[in-house]
Amino acid sequence: MAKPTRIICALAFVAFAIMWLRPPWIYVYPSFGFQAHVGYHWIFDKPMPYGGRLDCTTLIIQHVLVAIAATALLLWSKRVRIPAN
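What comes next concerns the included structure. Residue numbering note: each chain is counted from 1, following its sequence as written. Given that the model is predicted, a residue must reach a pLDDT of at least 70 before its local features are reported, and side-chain atom pairs must reach 80 or more before they are shown or counted; all residues, however, enter totals for whole chains, interfaces and linings. As a convention, hydrogens and water are excluded, and side-chain values are obtained from all of the structure's heavy atoms.

1. Examining the overall build of the chain
Elements are defined by DSSP. Helices are runs of H or I of four residues or more, strands are runs of E of two residues or more, and each kind is numbered from the N terminus. From N to C terminus, the chain includes 2 helices and 3 strands. Order of helices (α) and strands (β) in the chain, N terminus to C terminus: α-β-β-β-α. Within these notes, the globule rule equals 2.2 Å times the number of residues to the 0.38 power, and the radius of gyration is based on C-alpha atoms. Relative to its length of 85 residues, the chain is extended, with a C-alpha radius of gyration of 18 Å against a globular reference of 12 Å. Along the longest, intermediate and shortest principal axes, the C-alpha atoms of the chain span 60 × 20 × 15 Å. Throughout, exposure labels follow a simple rule: accessible area from a 1.4 Å probe, protein chains only, divided by the maximum for the residue type, with under 20% read as buried, over 50% as exposed, and the rest as partly exposed. Counting over 85 residues, the chain shows a buried share of 21%. Sequence separation of 24 or more characterises 47% of the internal contacts of the chain that already satisfy a separation of 6 or more. Areas reported here follow the Shrake-Rupley algorithm with a probe of radius 1.4 Å; residue values treat only the protein chains shown as occluding. A total accessible area of about 6,400 Å² is found for the chain, and carbon and sulfur atoms account for 71% of it. Any two residues having at least one pair of non-hydrogen atoms within 4.5 Å are treated as being in contact.

2. Quick word on the sheet that holds strand β3 (residues 52-54)
Here 3 strands make up an open sheet; going across it, the order is β2-β1-β3 and the pairing antiparallel. Of all the strands in the sheet, the pair left with one neighbour each is β2 (34-40) and β3. Averaged over all neighbouring strand pairs, the angle between strand axes comes to 35°, with direction disregarded. Here, strands pair whenever DSSP counts at least two bridges between them. Two strands pair when backbone bridges link them, and strand β1 (residues 24-29) and β2 are joined in this way by 6 bridges, in the antiparallel orientation. When the bridges of β2 are listed, Tyr29 appears paired with Phe34. In this analysis, axes come from line fits to C-alpha atoms, helices being fitted only over the stretch in contact, and the angle between any two N-to-C directions falls in the range 0 to 180 degrees. Packing of helix α2 (residues 56-79) onto the sheet brings it into contact with β1, β2 and β3, and relative to β1 it is tilted by some 160°.

3. Thoughts on the side chain of His63
With respect to the secondary-structure elements, His63 resides in helix α2. Overall, the relative accessible area of 17% leaves His63 in the buried class. If sequence neighbours within four positions are ignored, His63 has contacts with Phe16, Met19 and Trp20.

4. Quick notes on the packing of helix α1 (residues 3-21) against α2
Two elements in contact, α1 and α2, have axes separated by 10 Å at closest approach and are oriented at 175°. Taken together, the axes of α1 and α2 lie roughly antiparallel to each other. Taking contact as the criterion, the partners of Pro4, Thr5, Ile8, Cys9, Ala12, Ala15, Phe16, Met19 and Trp20 in α1 are, on α2, Leu59, Gln62, His63, Val66, Ala67, Ala70, Leu73, Leu74, Ser77 and Lys78. Across the contact of α1 with α2, the residue classes break down as 14 nonpolar, 4 polar and 1 charged. Just so you know how the angles are binned, under 35 degrees is roughly parallel, over 145 roughly antiparallel, 65 to 115 roughly perpendicular, and the rest oblique. Each residue is assigned to one class: nonpolar for Ala, Val, Leu, Ile, Met, Phe, Trp, Tyr, Cys and Pro, charged for Asp, Glu, Lys and Arg, and polar for all the others, Gly among them.

5. Digging into a nonpolar patch on the surface
Taken together, the side chains of Ile60, Ile61, Val64, Leu65 and Ile68 define a hydrophobic patch exposed on the protein surface, amounting to about 480 Å² of accessible area. Relative to the elements of secondary structure, Leu65 occurs in helix α2. Two joining distances apply to patches: 9 Å for like charges and 5 Å for nonpolar side chains (Val, Leu, Ile, Met, Phe, Trp, Tyr), and every residue must have over 30% relative accessible area and no salt bridge. One speaks of a salt bridge when a side-chain nitrogen belonging to Lys or Arg is within 4 Å of a carboxyl oxygen belonging to Asp or Glu.

If you want it as structure tokens, here you go:
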């Protein structure tokens, strides 16, 4: 595996790891029936003692965007000759 390919794969892996360690959270108001975005917090430290849950839609969109960006960079690095010093 060429050095640019390893770097791109490593950066994508780090991005995925960070997204899973600090995911987006939403708070669900059960009595009113709506949700509020409460930001990004550590996976081990929920932002609310009750009613808080992961915002899976935002997390999936982020994963898809990182995968698309990594794929585009991999294809570009194969097309453009980058010296592997």
